[in-house]
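# Architecture and fold: a report
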Amino acid sequence: MKIRLAGIDDLETLIQLRLDYFRASELAENQTVSERMANSVEVVPVRESLKKYFQKNLGESLFVFLAEIDGETAGAAFLILFDWPPGPMAPGGRMGRAANVLTYPQYRRQGVATSLMGRLLEEAGRLGVSRIDLLATAAGEKLYRQLGFVENTDHLNLQRPLD
């Protein structure tokens, strides 16, 4: 398995990974990324918005780690950086969020997510990140706890859509 940092040349793969993340339960276990790209019908505005987002943020406030096995994309993990006013929880002010952690079904139980998260945490440390958060699915909770993530019981996390 090879873990590498994605670049702008990976734009189409990144878009597909993001879309696949939201459809993970619908993926056929024996399809390659190329087959999924060829067989997917996407809403054009979403693809265009993702393209602009990746072009603007990749390598600046967004770092995407790709896992490859035998030349195929096996999974990915996104590190999103943001600056926060320094305080006790983030003395340096630089915060991160692990997001879009995805392992395609045919590559599960091979250490893909563990390797991706290890590389993500290593890069976050190199970039001076004080704290990383994530939203975990039930399937990923055990892995994240093994990596040292703990539940934040100090605050209630509320959301309100603005659209």
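The structure reproduced in this document is the subject of the present report.

### Some words on the overall build of the chain
- Within the chain, the secondary structure is distributed over five helices and five strands.
- When the helices and strands of the chain are placed in sequence order, the string is β-α-α-α-β-β-β-α-β-α.
- Out of the 163 residues belonging to the chain, those deemed buried represent 39%.
- Summarising the internal contacts of the chain: among those between residues at least 6 apart in sequence, 64% fall at separations of at least 24.
- When the accessible area of the chain is evaluated, it comes to approximately 10,100 Å², of which 51% is carbon and sulfur surface.

### Describing helix α5 (residues 138-146)
- The set of residues buried in α5 consists of G140, L143 and Y144. With its buried residues spanning 100° around the axis, α5 presents them on a single face. For α5, exposure combined with an orientation more than 90 degrees from the buried face picks out A138, K142 and Q146.
- The first or second residue beyond α5 is G148, which carries a positive phi of 100°.

### Remarks on the layout of surface pockets
- Its boundaries defined by the atoms lining it, the largest pocket holds a volume of some 1,100 Å³.
- Taken together, 32 residues form the lining of the largest pocket, with R131, D133, L134, V150 and N152 sitting closest to its centre.
- Mapped by element, the contributors of at least two residues to the lining of the largest pocket are β4 (94-103), β5 (131-134) and α5.
- Volume-wise, the second largest pocket comes out at about 870 Å³.
- Taken together, 28 residues make up the lining of the second largest pocket; nearest its centre are A113, T137, A139, G140 and Y144.

Definitions and limits used
Residues numbered from 1 in each chain as written. Predicted model: local features only at pLDDT ≥ 70, side-chain atom pairs only at ≥ 80, totals over all residues. Heavy atoms only, no water. Helix = DSSP H or I, 4+ residues; strand = E, 2+ residues; numbered from the N terminus. Buried < 20%, exposed > 50% of the residue type's maximum accessible area, 1.4 Å probe, protein only. Contact = heavy atoms within 4.5 Å. Areas by Shrake-Rupley, 256 points an atom, 1.4 Å probe, with all protein chains shown as cover. Arc of directions from axis to C-beta. 1 Å grid on protein atoms, 1.4 Å probe; cavity = no way out; pocket = protein on both sides within 12 Å on 5 of 7 lines; lining within 4 Å. Points joined across faces, edges and corners; volume = space filled by probe spheres on them.

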